[in-house]
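One-letter residues, chain by chain:
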Amino acid sequence: MDCKVEEYKDPFDHWIIDQFFDTDTAKILSNSFLKYNSDEWWNYNNPIENKKTIQDWRKFPLEIYQTFQHLCSQDFIGFLKEVTGIKNLYPDYGLHGGGLHIHNRGGNLNIHKDYSIHPKLKLQRKLNLIIYLSENWSPEWGGGLQFWSHNDQKNKPNQLVKTIDCLFNKAVLFDTTQNSWHGLPNPLQCPEDKYRKSIAIYYLTDVDSNCEERYRAQFVPRREQENNSDIIDLCRERSKL
């Protein structure tokens, strides 16, 4: 790939790639997203996450299907190995937690750490790749991906370090094994006819001896939810802690 990759270390290893696809391809993929009101979406709508997803390859339009095929290919994984220096990487063909994601006005996702052990393959989750595909998105609407530092004593996020705007054709790659707290906790303020669209795929590696065993994402309440016992219980139940 000829795109420019920028590497960062704070608060955990991540890479930002602008113009991930050529512009025509990115527009085709954006226009290929199923309509927000399609019955094919799986709807998450609760106090800690409001989004829709599709993980089933059979429901992908042709261009999106071909794109995921490429993102799972050995050629692309070779690119990831070169960028990150990680030797053992495997694609998750099942797209567990990945696939197509879409948010409308009010959409959000509380800060969380992703699962560490794949529940089917028993491999360690290592890298997240997220590619944003909303044309003409304004950062004023929110939707930026927040990265938070880690509080070792409480095993919780400490403070917001960085927000990455979800601009069209921007990709974010980050290491999920470094207490990688992330999310978009502030409800979107986009117009009713605008949607935050993204493609997500995760890459696995061999389980490290120091791996924290976690089979589901670990969520925390938003600031305005911190003293809400119902939300605290929901986070525990969602995380299966």
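What about the packing of helix α1 (residues 23-32) against helix α2 (residues 62-71)?
Phase 1: The contact between α1 and α2 brings their axes to 8 Å, and the two run at 120 degrees. Relative to α2, the element α1 lies oblique. Crossing angle aside, the handedness with which α1 passes α2 is left-handed. Between α1, through Ile28, Leu29 and Ser32, and α2, the contact on the second element is made entirely by Glu63, Ile64 and Thr67.
Phase 2: Of the residues in the contact of α1 with α2, the class split is 3 nonpolar, 2 polar and 1 charged.

Describing the pattern of salt bridges
A side chain of one charge can pair with a side chain of the opposite charge if their charged atoms are brought near each other.
Phase 1: Under the counting rule described, the total for this entry stands at 13 salt bridges.
Phase 2: Its salt-bridge partner being Glu6, residue Lys4 comes within 3.7 Å of it at the nearest N-O pair.
Phase 3: The exposure class of Lys4 is exposed, given its relative accessible area of 61%.
Phase 4: For Glu6, a relative accessible area of 29% translates into the label partly exposed.
Phase 5: Counted as one network, the salt bridges with shared partners bring together Glu7, Lys9 and Asp13.

Criteria and cut-off values
- Residues numbered from 1 in each chain as written.
- Predicted model: local features only at pLDDT ≥ 70, side-chain atom pairs only at ≥ 80, totals over all residues.
- Heavy atoms only, no water.
- Axes fitted to C-alpha atoms, helices over the stretch in contact; angles between N-to-C directions.
- Helix = DSSP H or I, 4+ residues; strand = E, 2+ residues; numbered from the N terminus.
- Parallel < 35°, antiparallel > 145°, perpendicular 65-115°, else oblique.
- Left-handed = near helix turned anticlockwise from the far one by under 90°.
- Contact = heavy atoms within 4.5 Å.
- Nonpolar A, V, L, I, M, F, W, Y, C, P; charged D, E, K, R; others polar.
- Salt bridge = Lys/Arg side-chain N within 4 Å of Asp/Glu carboxyl O.
- Buried < 20%, exposed > 50% of the residue type's maximum accessible area, 1.4 Å probe, protein only.

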